[in-house]
Amino acid sequence: MGGELLTTSRSEKLEALRKSLSAVIRGKDETIEILLIALFAGGSVLMEDVPGVGKTTLAKALARSLDAEFRRVQFTPDLLPSDILGSSVYSPKDGSFTFKKGPIFCSILLADEINRASPRTQSALLESMSEGQATIEGVRHHLPSPFLVLATQNPVDFHGTYPLPEAQLDRFLVQLHVGYPEPDMEIEMLYDRAVTLPINSVEIVMTMEEVTEIQKSVREVQMERSLARYLVDLVSETRTHPMLKLGVSPRGSLMFFRAVQSAAYLAGRDFVIPDDIQKMAQHVLPHRLSLTPKARYGSLTRLQVVQQIVSEVPVPV
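Numbers given for residues are sequential positions, taken from 1 along each chain in its written order. Where totals are concerned, whole chains, interfaces and linings use all residues; where local detail is concerned, this predicted model gives features only for residues with pLDDT of at least 70, and gives and counts side-chain atom pairs only at 80 or more. Side-chain descriptors were evaluated using all non-hydrogen atoms of the structure, hydrogens and water having been removed beforehand.

(A) Summary view of the overall build of the protein chain. We count a stretch as a helix when DSSP gives it H or I for four or more residues in a row; a strand needs E for two or more, and each element gets its number in order from the N terminus. When its secondary structure is counted, the protein chain shows 14 helices and 11 strands. For the protein chain, the C-alpha atoms occupy an extent of roughly 70 × 45 × 40 Å along the three principal directions. Per-residue accessibility, obtained with a 1.4 Å probe over protein chains only, is compared with the maximum for each type, and a residue is labelled buried under 20%, exposed over 50%, and partly exposed between these values. The proportion of buried residues among the 317 residues of the protein chain is 48%. Within the protein chain, contacts between residues separated by at least 24 positions form 78% of all contacts whose residues are at least 6 apart in sequence. We get accessible surface area from the Shrake-Rupley algorithm with a probe of 1.4 Å; when it comes to residues, only the shown protein chains can shield them. Entry remark: accessible area of the protein chain is about 15,800 Å², with carbon and sulfur atoms responsible for 52%. Positive: Lys, Arg. Negative: Asp, Glu. His and the chain ends are not part of the count. Here the site of a charge means NZ on Lys, CZ on Arg, CG on Asp, or CD on Glu. Separation of charge centres in the protein chain, based on 33 positive and 38 negative side chains, amounts to 5 Å. Two residues qualify as a contact provided that any one of their heavy atoms is within 4.5 Å of a heavy atom in the partner residue.

(B) Representation of helix α10 (residues 225–240) within the structure. Along its 16 residues, α10 runs 23 Å from first to last C-alpha, staying within 8% of the 22 Å computed at 1.5 Å per residue. All buried positions along α10 are accounted for by L227, Y230, L231, L234, V235 and T238. Each buried residue of α10 sits inside an arc of 130° when the element is viewed along its axis, so together they form one side. Seen from the open side of α10, the exposed residues pointing more than 90 degrees away from its buried face are R225, R229 and T240. Summarising the contacts, the buried residues of α10 are in contact with β10 (244–246), α11 (250–266), α12 (274–284) and α14 (302–312). Here the expected span of a helix is defined as 1.5 Å times the quantity of residues minus one. To obtain the arc, one takes the directions from the helix axis to the C-beta atoms.

(C) Geometry of the packing of aromatic side chains. Two rings from Phe, Tyr or Trp (for Trp, the six-membered ring) form a pair when their centres sit within 6.5 Å of each other. Planes less than 30 degrees apart are called stacked, planes more than 60 degrees apart edge-to-face, and all others tilted. According to the stated counting rule, one finds 2 aromatic pairs in the structure shown. Centre to centre, the rings of Y90 and F97 are 5.2 Å apart; their planes meet at 55°, and the pair counts as tilted. Taking relative accessible area as the criterion, Y90 reaches 48% and is therefore assigned partly exposed. Note on F99 and F105: the rings are 6.2 Å apart at their centroids and 75° apart in plane angle, and the pair reads as edge-to-face. Take F99: its relative accessible area is 25%, and that puts it in the partly exposed class. Looking at F105, the relative accessible area reads 9%, which means it is buried. One Lys or Arg, R269, reaches over the ring of F271 and ends 5.8 Å from the middle of that ring. Any Lys NZ or Arg CZ found within 6 Å of a ring centre and within 35 degrees of that ring's normal is scored as a charge over the ring.

Here it is as structure tokens:
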């Protein structure tokens, strides 16, 4: 690499991290790659899939591999913002109040079934996901850096759920669908867990300090202006597409840009190519879009719209 962004030592650690996660979640190399892209781009991840496919296990394995402080919050209808952020606790001894930090003060937060909590509680994560801080009782508290939110939601049971508003969806860098394993991989999974759980054998392969250094290196990845124009052209098409009533925001463009840099970095390059943009468009853009009623009634998906836009916008030469 021209810029020497990815040293041999760092490349070996990244490969060890991939293998560590692959040993826990078999046959999901692309899912793991997108998760790592989001991590090193400094963005949060929304994992939407049916129960039992390994969403929570993947989050735990990532935290263990990075020796990161990990917290899991099970979102329920009665969960309050203070249950996540923390609150002041009264001491009857001297009549003073002491702030007790909530589970959000960690490096990796798993928001399990986020759509089961009320919109008020969901919104407690907005500031932390955008700015790495939380304002509690009028006082600003900085969160650990890096800070990553991994949120899960179940797409098949909508009873008693609250759909995430567009403003919150826009704060997730990528949306992942883990999916069912292939039959051969599922057989391997049965034997893997016959005696013990693979996650219990996960070892530390990288520190959060090294994650921070990689995040800095990702920002040094070069993108030619012609490719930046291509990226913006893709985004602009979402704002005028006849099947969309809501396109990608400028914040989405910024996240798209960072995700593309991270994808190039993990591919071992210090520069972006069109393939990086086309690859990440399918993970960064769909959840930011809102379909028209005509598109929904026609069974058109947001991913299909993105794929159509990618196929039609000219690639710079």
